[in-house]
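Reading the structure
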Amino acid sequence: MCFTTLTIATLLTVGYASPIPVPGLDDHYNYIAKKLGKKPTAKININGFKAIPLETDLPGLGKLGTLPLTSSVEYDVHASSAPIPSANGTEVKQPIADFLVSQNSATWGLGRISHRNKYIYNYVYDTSACVGTTAYVVATGIRTSHSEFGARAQWGANFVPGGLVSITAERGDYVGVCKAANPVAVKVLSPINDGTGRSTGARSWVMAGMAWAYNNAVARGNVHKSVQSLSIRGDLHFPVNNLANAIVKGGMSIVVAAGSENMFTIAASDINDARASFSNFGSRVDLFGPDVDILSSYTSCYFCYYYMSSTSMATPHISGLSLYFIGKEDILTLSKLRPRLVTISTQGKLTNLAGSPTRLGYDADGL
């Protein structure tokens, strides 16, 4: 039985004094806490994947020694989210929502995912879809008091210090894809406060948040009707990917801006059906989602909205569609959900693909 230990210090674990033998995960965790004088970030045990994310330095590794149960040690590199305000910088307050099956004067992104052709600005959707589903927003968190979410939004967990930030277009009464889903905020990124809207966080925080979301969904008995939405970008990190694989194995879907083979990988398109200049690309992309100049709920006040751009907007559209099909068609595993969304997607419309597939998310209820 081996565990994965994360550290921000070094990959070198050989050559230290032999430690006291540690028989199991709990004892392993307690041993590390005692040696470092602080608790690790989290203790993860999900479907065969065991990890203890922690932050330490080179002297800290020396205190731990060469732990016999440790299979690998990885840098605790940072992940980030960088939503970009649109050029006009327009903040919008109190949009008027239409709660009929056809939402007129909807955002262009909602119109795009419910129609086969561009430039149509009404959102056609099934009002029964998304009932009983849960979206775990693993990023900067959300402003749960925002009017967009009604009384459905809940604060889940915070793995970094700092205030609340809300940048999401996933669920809600006006700009959301999935009107009846229950959003749960899981904060793993902290705002940089440089005026750009960027946020950053350690991968150990991200792992702790992902594990918490999965365990919370299991405790609720709703794991198969829940989605983790990660509007996070960063280089390939095997501990995060291994954790994601374990979560998907347990029946929970994950949608990301960039990720492993067992997660939805989302790229960004604009109103003209061209790949956004900032978007990721390549053959590993599963779907494109609307992204540039997307009206999103915002943290300024409980009724504030802002036009934003970045893959942090495309990912929520596909997270919402995932919940939509989970609720509407009772598709309860990613192995069935992904091919369903890929097959039904709008194809042959996108340009400037740079080797990406020409597939755009579609709810199958429009024209």
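Bringing the pattern of salt bridges into the picture now. Opposite charge on two side chains permits them to pair, given that their charged atoms come into close proximity. As enumerated under the stated definition, the model contains five salt bridges in all. In this structure, arginine 340 engages glutamate 329 in a salt bridge whose closest nitrogen and oxygen atoms are separated by 2.8 Å. Here arginine 340 is found in helix α7 (residues 334-344), whereas its partner glutamate 329 is found in helix α6 (residues 311-329), with eleven residues between them in sequence. On the basis of relative accessibility, which here comes to 26%, the residue arginine 340 falls in the partly exposed class.

Turning next to the side chain of serine 356. Summarising the element assignment, serine 356 is placed in the loop between β22 (346-347) and β23 (359-360). Here the side chain of serine 356 touches glycine 282 through a polar contact of 2.8 Å, landing on its backbone nitrogen. At 2.8 Å, the side chain of serine 356 forms a polar contact with the backbone oxygen of leucine 353. Setting aside residues no more than four positions away along its own chain, serine 356 makes contact with Phe281, Gly282, Val285 and Phe288.

Turning next to the state of the cysteines. Formally, a disulfide is one covalent bond, and it connects the sulfur atom of one cysteine to the sulfur atom of another. What the rule picks out here adds up to one disulfide. Put simply, cysteine 130 and cysteine 178 are joined by a disulfide, and their sulfur atoms are 1.6 Å apart. Every disulfide takes its handedness from the sign of the S-S torsion; for cysteine 130 and cysteine 178 that torsion is -90°, giving left-handed. Linking cysteine 130 in the loop between β9 (123-124) and β10 (134-139) with cysteine 178 in the loop between β12 (167-168) and β13 (182-187), this pair joins segments that are 48 residues apart in sequence. The exposure class of cysteine 130 is buried, given its relative accessible area of 0%. The exposure class of cysteine 178 is buried, given its relative accessible area of 0%.

In regular strands, side chains alternate between the two faces of the sheet. With five of six residues buried, strand β21 (residues 304-309) is to be regarded as a mostly interior element. Both strand β20 (residues 294-298) and β21 contribute to a ladder of four bridges, which runs antiparallel. Of the residues in β21, the one forming a bridge with isoleucine 294 is methionine 308. Linking β20 back to β21 in an antiparallel pair, the connection comprises five residues.

Before going further, it helps to examine the confidence of the model for the protein. With 78% of its residues at a pLDDT of 70 or more, the protein has an overall mean of 80. With pLDDT under 50 throughout, residues 88-100 is counted as low confidence; its partners more than four residues away or in other chains account for 27 contacts. pLDDT under 50 marks residues 165-171. Its contacts with residues more than four places away, or in other chains, come to 52 contacts.

Counted residue by residue, strand β18 (residues 264-269) has six buried out of six residues, so it is predominantly covered. In this structure, strand β17 (residues 253-256) lies alongside β18, joined through two bridges in parallel fashion. Within β18, the position partnered with valine 256 by the bridge is threonine 265. As judged from the four bridges shared by β18 and strand β19 (residues 287-290), these two strands associate in the parallel manner. Within the sheet, the bridge partner assigned to alanine 268 lies in β19 and is glycine 289.

With that settled, the discussion passes to helix α1 (residues 25-36). A rise of 1.5 Å per residue sets the reference length of α1, with its twelve residues, at 16 Å; its end C-alpha atoms lie 17 Å apart and thus fit the reference within 8%. Backbone geometry just downstream of α1 places glycine 37 in the positive-phi region, at approximately 75°.

Turning to helix α5 (residues 238-249), a few remarks are in order. End to end, α5 covers 16 Å across twelve residues, agreeing with the expected 16 Å (1.5 Å per residue, within 8%). Along α5, the residues classified as buried are Pro239, Val240, Asn241, Leu243, Ala244, Ala246, Ile247 and Val248. Positive backbone phi, approximately 105°, marks glycine 251, located one or two places after α5.

The rules behind each value
Residues numbered from 1 in each chain as written. Predicted model: local features only at pLDDT ≥ 70, side-chain atom pairs only at ≥ 80, totals over all residues. Heavy atoms only, no water. Salt bridge = Lys/Arg side-chain N within 4 Å of Asp/Glu carboxyl O. Helix = DSSP H or I, 4+ residues; strand = E, 2+ residues; numbered from the N terminus. Buried < 20%, exposed > 50% of the residue type's maximum accessible area, 1.4 Å probe, protein only. Polar contact = N/O pair within 3.5 Å; in protein donor to acceptor, adjacent residues only side chain to side chain. Contact = heavy atoms within 4.5 Å. Disulfide = S-S within 2.5 Å. Pairing = 2+ DSSP bridges. pLDDT = per-residue confidence, 0-100. Expected span 1.5 Å × (residues − 1).

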